[in-house]
Amino acid sequence: YEAMDRQDTHITKVLASIQEHDMSLVPPPAITRKTKYGFPLVRRLEQEATPMEPPPLTTSKPKKSLFARQFESHTLDYFGVELMQGGLGTPPPIPKDEVNPISVARVGGAQGEEDGTATDFASDASHTWNTFLRFTGGVVSGEGLVGSSGLTSEAARREVSKMDEENARWLSQFSEQEILEQQEKIKKTLGSSTLAFLQARRKKASGGGAKGMRTDIRTGEEESVRQTDAAMECDGARDDAMETKMEDVKVENRIEEKAKMNEGTVAPKGWLHMDVVEKEKLEWTCEVPAVDSSAFQKSPKEVRFSLEGLVIPRGVNIPIHLGLHHHGDEPEAAGYTLAELVHLTRSAVLQQRLLALQTLCRIIQRATLNEYGDMVEPPVVHTLLEAGVPLLLRYSLDEQNEAVIGASVDCLHAILVSPFEEQLLDDYCSCYRGSHLPALRPLGSVWGGRKQEKDQDEEEEEETDAMTVQRDLVEGLVKVKLLPRLRYILEVCRPNHHVVSAILEVLIRICRHSLQAASEVFNCPRLMNVVFEEFLPVTWEGSNEVGTTAYGKPHPLAMRLVRTLASAGRHLTSNLISRHKLMDIILRCVLLHPTDMGLPSHQAYTLGEEGLRTWGVALGYGLGTNAFDDTYATFIKQLQSMASSRLRHVGAPELRRAAAMVVVMECAVDIAGCTPDMMRVEGSNASIPPPSIVWSHASGLLTPALHCLSAWLADMVDGGMELEKILCVSRLLHLVATHFVKLSEKVSGCSVEMLQLAEDIISGPLAKLISSPLFASVLQGLRSSSVLANASHWVKRDPPSLPSHTYLLVAPNIAIYGQPCAQSSDQLWRVESVGVAIIDIFHGYLRLCFALVQLHKGLLDKATAVLDSRLFQDYLEAVVLSPTSTCARVCFVVNELQLLYLVVKVFMLRLEVHRDAMDQQLIQLYHNVAFKVLSLCPQGMEYLISDLITGVLWHPYMFCELSSGSGSVVEGYIGGLSLRDPPTSVSKDVTCPPSSSDILSEAFERLCVVPQMYLKKFQEICCEKQAVERSKHQLLCHPLLVNSVMTPPISSAVLPPQWILLPITMEYDQSLQLNADRNPGAQPDRVAMVTTTLQTLFLLERLRPIAVRELPLEVKLARLMCVFLIDGELFLEKDVHNALSVLLRQYCCTSEMQERLDFSSPIPGLVSFYDLYSSLVAQFAAVSYGDPLFSSYLLLPLQQRFNPLLRRCLWDEHPTVLRVLSLPLQQSPVPVESFLYPVETDPVQLELYMAAIASGSVRPQWCPVLYLIAVHHVHSFVFSQRSENTASNILQRKLLQGVLRVRAEETKRHLLLYAGPQAESSLGFHLNAQLSTLQEAMINTL
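Residues numbered from 1 in each chain as written. Predicted model: local features only at pLDDT ≥ 70, side-chain atom pairs only at ≥ 80, totals over all residues. Heavy atoms only, no water.

Chemist: Could you clarify how one ought to interpret the overall build of the protein in this entry?
Modeler: A tally of helices and strands in the protein yields 59 helices and six strands. Burial analysis of the protein (1342 residues in total) assigns 50% to the buried set. Here the protein has roughly 64400 Å² of accessible surface; of this, 54% comes from carbon and sulfur atoms. (Helix = DSSP H or I, 4+ residues; strand = E, 2+ residues; numbered from the N terminus. Buried < 20%, exposed > 50% of the residue type's maximum accessible area, 1.4 Å probe, protein only. Areas by Shrake-Rupley, 256 points an atom, 1.4 Å probe, with all protein chains shown as cover.)

Here it is, written out as structure tokens:
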């Protein structure tokens, strides 16, 4: 057994023999002190007092690194260790009797060998570094393990003695042959390198002055032998150190000489692969450069962000230890640029990818909330989209790391989804027609690529993924298979609740893009199955605690996703109901009380609210009616319960759920109000089956709804203006209003009970509401809540490929490093949501009043008294004066436009009853409001446009300045819009100038034909023939005829800005297309249409200038010039000629209007104004006969401040016109000085002037205006002061010679003695008596 024990090498035997050493005397590690630098300072050799050069290659001593020599040549304080007496970082004193002499000797010997001096560490306690080595050198070098330096002195002696005795005992049991065999076995085990190291160490330990001395390990004198060895090592180290020092001096001299020869480019010998110093590669080791204090540059590549997404201004000193500095292009600047962050997203290091994605996410979130304002231009999102970041994020989603997937989803969510917009849209859904949102398809983008089909012969480049993303981000993401990847993440990866919510919101944003995008989401394999199975289960395990997983329980965002899909189209809603049992899930979420759903309170209420909204969308198509019939009693009980509860005691979640329930009831009333005409299928004799909801259901809802409205209105009078309360009351107002609107459509007359009920509502709750402080607050908040009235306070910063529903506030929360934000996005959302609710509650009040007045005309004065409020009129004036172009693409403007349309309709009822007593200024205000609504209506509101054109805009009562005493006109307008056009005069007598009053009278007489003309042209420009009918079904809520509640994208207004000139524009375009086939002569219908258009324009210019204020003057004049090009003799018709004449005087009557004229601005519908003017000059030469009116229009672009190409077009390309343009100076449309100043300097134009004068093409008796222009510019240039320009001087001499060669003496006299323009003179200018001295000198030089 003893032999087995000796040979046993099992792990238990090894572990059992381990003895723990006493480390109590080992000093604790020194803690570095805090500095202002994040890393230890970089020390360069040239900064040291004594350069530390490496030993030459020829020395026998081992080389030491730069760090080792620097480590030994400085104190602990240099490396950040605080040395205080008895403080932290100072090792405790060790008694002399506890110092291991062997360890000290060995450490001292090793240090002496390296430094060249035999320093005794035990005696030199004053040197800090040596003191530190006294306690740590043995441990670091390994000598302490052999010498037992970790133990006390007595224990060390006993341990060493015990080890020696045990070794001697084992060796005594072996014979010499066995010892040699064990030695050979050990040598084979250790290896040659290890054996050589041990032999060299043994020789080194036994070298010096006593080489070859052997130590007998069996003797008991080990201590004395070790002391003797240490002493001998110290003696040998002194000799070696002296020799090394002498060699170092020689090496240093050689290095200095070499450095002087190579100017520091060659490194000293002895360094491997360091023959040449590459300074550019060592720059990162240098100190951080000084911060650049130059001005902040507004460039996305220059703007730097912190890790929280805050902008770091230039010149700000940020400590390095914060970790914002890095080795980039600007190492002195803290923070990261967008380019650097995008580069880090593809890093091979996981932490770098995560950091970059998280930082980008925070930056995009702040940019979405406009927290950077104008500091970052172009906007952050624009820059990232142009850089292709969405594709990088799509590739990041393919990784397997869960953290990277979550960060990529968050970043993609930040780009696509705006929390501010989502919160606003959530509140907007509780407003009237809140589910009718416009699609978010980019302008001009068609799903699948280009609009037109490719030609078979034409080869076009295939659109790449990057090109698709640049054109349409959502379509590009769908194209790169984002939807299947998101389905995989939801189904397989099963991320946490936060990532699931982000993915669902991304899917919601994709569905809002268009019907095609929603269809892609619905048809994605297994995606909707995962959504319904995991996030909309019919049964689930109840738990009121908020968990980390979103699986196995209904998710409110999943229900919102389903609602967004249903909003895209009727067929999608039908498939959701039939395939995925949507109504069962909705009833499960709606009928259960939120406290009984087994979900957290907030999630339960939100789920029920979203379920009710989804049901409302389904009812908007006439679907899901059987479920409402089954649960009708439940809705009655809910209304009764709401009426009995005090509004002030109901919480916000209950109020939002109640508002959603009222939305379902209102949709049911719409279905019940459908007439048989609404159930017919277009294009066939078939009819839609009648829905299960009948009018008795709507009648049963009215009484409890009125009780609830009365109770809540009374409670609102005492309560404050809270968002949820306003939304609930507005929904009840709309519910009651919808009931009476459908009642008026369904029956021709009303019973006495219904009329009495209308009186009770007006004199009861509505009268109290009007007189309450709440309604006064609503009136005060109308102007501040209006999108139209505050158009200048909003800015649109959406990228073209990613439109949004909302605008951003101009005043941003500046996100600057070190500065707190002024207010949070939650505060902004709350303010804007209250504004939307104020507009909606006023809209609901007016809808109810208008519906009751249509049933009972006697209630008009009481119901419409609010229109006389000064606060309301101030709101209307702000809307009228607001710019139109800045508020054309926000979805909330649709609700406000419907409110303004209803305001105009209510005012028209009052105007018909109280026409004589109505104030003219009030009529003008409401007339301007009608024109404002017309110019702003987007696609989807075509029905409002047609109704305004036919019933409001051209009503004679609206032109109160002319309507008094014009009974025949009013009777003709009211009698029908199909009257024949007034007879058009065909007389060519245009010598008598027309008066403005005559034109206004004629325009007023033609009002009966204006609506039909504009309605016909409006129908021609509509994109689809059925646009008006489809818009009517949506606006009037005909559920059975609505195919989608998603309206077309709000790109701009349906009517162009120059809609008033639309008939002339369309006639001009047709004349260009059919120029060859057109019959000569002016057709009567064309003459009547052009005359009506021109007179209507003049009528608005004089009586409603605000309606045409935003139409630029150059656009108006360009379209008036088109009249001369429509037909050769059209402008000679008396009515047309008179209208053109008064309009020209209107536009050129003041200097202010003349200064606004700019023909260089782009004109909608024209490729180039130069082409139009060139055609106009050619037409003048062909058919004008020198007509003064035509000449006046032709002269307008010849003013000196306009493009010189226009002047060259007349003088060079059409010189024959010069002879016939015989407009007298007194009939010039603008002051003559505008043609004369500034003086012409174009050499080509000056030569044209001189050639026309010399050839006699222009003469004072033929064309006085052109003759004055040519003489003035030639004389002024010829006798102007000589300049340093040689070409100009040559031209001066050339023109002067031409003047002297003119054969007509009278013309030469005019050119030489011209003094300036003079209106009283027959020539238009006066002459000097003689040449001046300077002029004579210039002539004599020739």
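Chemist: Looking at this structure, how should I read the side chain of arginine 560?
Modeler: Structurally, arginine 560 is set in helix α23 (residues 556-568). Beyond its immediate sequence surroundings of up to four residues, arginine 560 is in contact with Glu422, Asp426, Ile508 and Glu610. (Contact = heavy atoms within 4.5 Å.)

Chemist: Explain the packing of helix α38 (residues 920-936) against helix α39 (residues 942-953) to me, please; I cannot follow it from the model alone.
Modeler: Two measures define how a pair of helices packs: the angle their axes make with one another and the distance between the axes. Axis separation between α38 and α39 bottoms out at 10 Å; the angle between their running directions is 160°. When the axes of α38 and α39 are compared, the pair comes out roughly antiparallel. Crossing handedness for the pair α38 and α39: left-handed. The segment α38 lies against α39, with His927, Ala930, Phe931, Val933 and Leu934 engaging Ile945, Leu948, Ile949, Val952 and Leu953. (Axes fitted to C-alpha atoms, helices over the stretch in contact; angles between N-to-C directions. Parallel < 35°, antiparallel > 145°, perpendicular 65-115°, else oblique. Left-handed = near helix turned anticlockwise from the far one by under 90°.)

Chemist: In this structure, what is going on with helix α46 (residues 1084-1103)? I would like to understand it.
Modeler: Residues spaced three or four apart along an α-helix point in a common direction, a consequence of the helix completing one turn every 3.6 residues. Given a rise of 1.5 Å per residue, 20 residues ought to cover 28 Å, and the 28 Å separating the end C-alpha atoms of α46 matches this to within 8%. For α46, a buried count of 17 out of 20 residues is recorded, marking the element as mostly surrounded by other parts of the structure. (Expected span 1.5 Å × (residues − 1).)

Chemist: Just to check I follow, could you spell out the packing of helix α25 (residues 582-591) against helix α26 (residues 601-619) for this structure?
Modeler: Where α25 contacts α26, the two axes come as close as 8 Å, and the packing angle between them is 140°. Judged by the inter-axis angle, α25 sits oblique to α26. The handedness of the crossing between α25 and α26 comes out as left-handed. Of α26, the residues touching α25 (which contributes Leu582, Met583, Ile586, Leu587, Cys589 and Val590) are Leu607, Gly608, Gly611, Leu612, Thr614 and Trp615. Residue composition of the contact of α25 with α26, grouped by class: nine nonpolar, three polar and no charged. (Nonpolar A, V, L, I, M, F, W, Y, C, P; charged D, E, K, R; others polar.)

Chemist: Can you walk me through the nonpolar core in this structure?
Modeler: Burial of nonpolar side chains together is a common tendency in soluble globular proteins. Counting residues in hydrophobic clusters, the biggest one holds 356 residues, and the most contacted among them are Phe740, Trp954 and Leu1266. Tallying contributions element by element places helix α34 (residues 825-855) first for this core, with 16 residues. Residues in contact with leucine 1266, not counting those within four places in the same chain, are Leu1195, Leu1198, Leu1210, Trp1211, Leu1218, Leu1221 and Val1258. (Core = buried A, V, L, I, M, F, W, Y, C linked by side-chain atoms within 4.5 Å.)

Chemist: Help me out: how do you make sense of the environment of leucine 483 in this one?
Modeler: Topologically, leucine 483 is positioned in helix α19 (residues 482-493). Separated by 20 residues in sequence, leucine 483 and isoleucine 503 have C-alpha atoms that sit 9.9 Å apart. When neighbours within four sequence positions are excluded, leucine 483 is seen to be in contact with Val478, Leu507, Ile510, Glu520, Val521 and Cys524.

Chemist: Looking at this model, I keep getting lost on the side chain of lysine 932. Mind explaining?
Modeler: Following the sequence through the fold, lysine 932 ends up in helix α38. Among all residues touching lysine 932, those that are not within four sequence positions of it are Val879, Val880, Ser882, Pro883, Thr884 and Glu1110.

Chemist: Got a minute to help me understand unusual backbone geometry in this structure?
Modeler: Keep in mind that most residues, glycine aside, have a negative phi and that most peptide bonds are trans. Following tyrosine 1237, the chain continues into proline 1238 via a peptide bond in cis, with omega recorded as -5°. Within the secondary structure, proline 1238 is located in the loop between α54 (1233-1236) and α55 (1243-1255). Even without being a glycine, lysine 581 presents a positive backbone phi close to 55°. Positionally, lysine 581 belongs in the loop between α24 (570-579) and α25. Taking the relative accessible area as the measure of exposure, lysine 581 reaches 48% and is therefore partly exposed.

Chemist: Hey, could you run me through the pattern of salt bridges in this one?
Modeler: Opposite charge on two side chains makes pairing possible when the charged atoms of those side chains draw close. This model, assessed by the stated rule, comprises 44 salt bridges. The partner of aspartate 465 in a salt bridge is lysine 479, and the shortest N-O contact between them spans 3.8 Å. Remark: lysine 479 occurs in helix α18 (residues 473-479) and aspartate 465 occurs in helix α17 (residues 465-471); sequence separation between them is 14 residues. For aspartate 465, a relative accessible area of 32% corresponds to the partly exposed category. Taking the relative accessible area as the measure of exposure, lysine 479 reaches 36% and is therefore partly exposed. In this structure, arginine 656 engages glutamate 724 in a salt bridge whose closest nitrogen and oxygen atoms are separated by 3.7 Å. (Salt bridge = Lys/Arg side-chain N within 4 Å of Asp/Glu carboxyl O.)

Chemist: Help me understand the packing of aromatic side chains, please; the structure alone is not making it clear to me.
Modeler: Describing an aromatic ring pair means giving the distance of the ring centres and the angle of the ring planes. What the rule picks out here adds up to 28 aromatic pairs. With a centroid separation of 6.4 Å and 25° between ring planes, the pair formed by phenylalanine 1169 and tyrosine 1173 is classed as stacked. In this pair, phenylalanine 1169 and tyrosine 1173 both sit in helix α50 (residues 1169-1183), four residues apart, roughly one turn of the helix. Tyrosine 1173 matches phenylalanine 1169 in its accessibility class, with the two residues each being buried. Taken together through their ring pairs, the aromatic side chains of Phe775, Phe842, Tyr845, Phe872 and Tyr875 make up a single cluster. Looking at arginine 494, its charged tip hangs above the ring of tyrosine 551, at a distance of 4.0 Å from the centre. Its end group placed over the ring of tryptophan 540, arginine 588 keeps NZ or CZ at 4.4 Å from the ring centre. (Phe/Tyr/Trp six-rings, centres within 6.5 Å; stacked < 30°, edge-to-face > 60°. Lys NZ or Arg CZ within 6 Å of the ring centre and 35° of its normal.)

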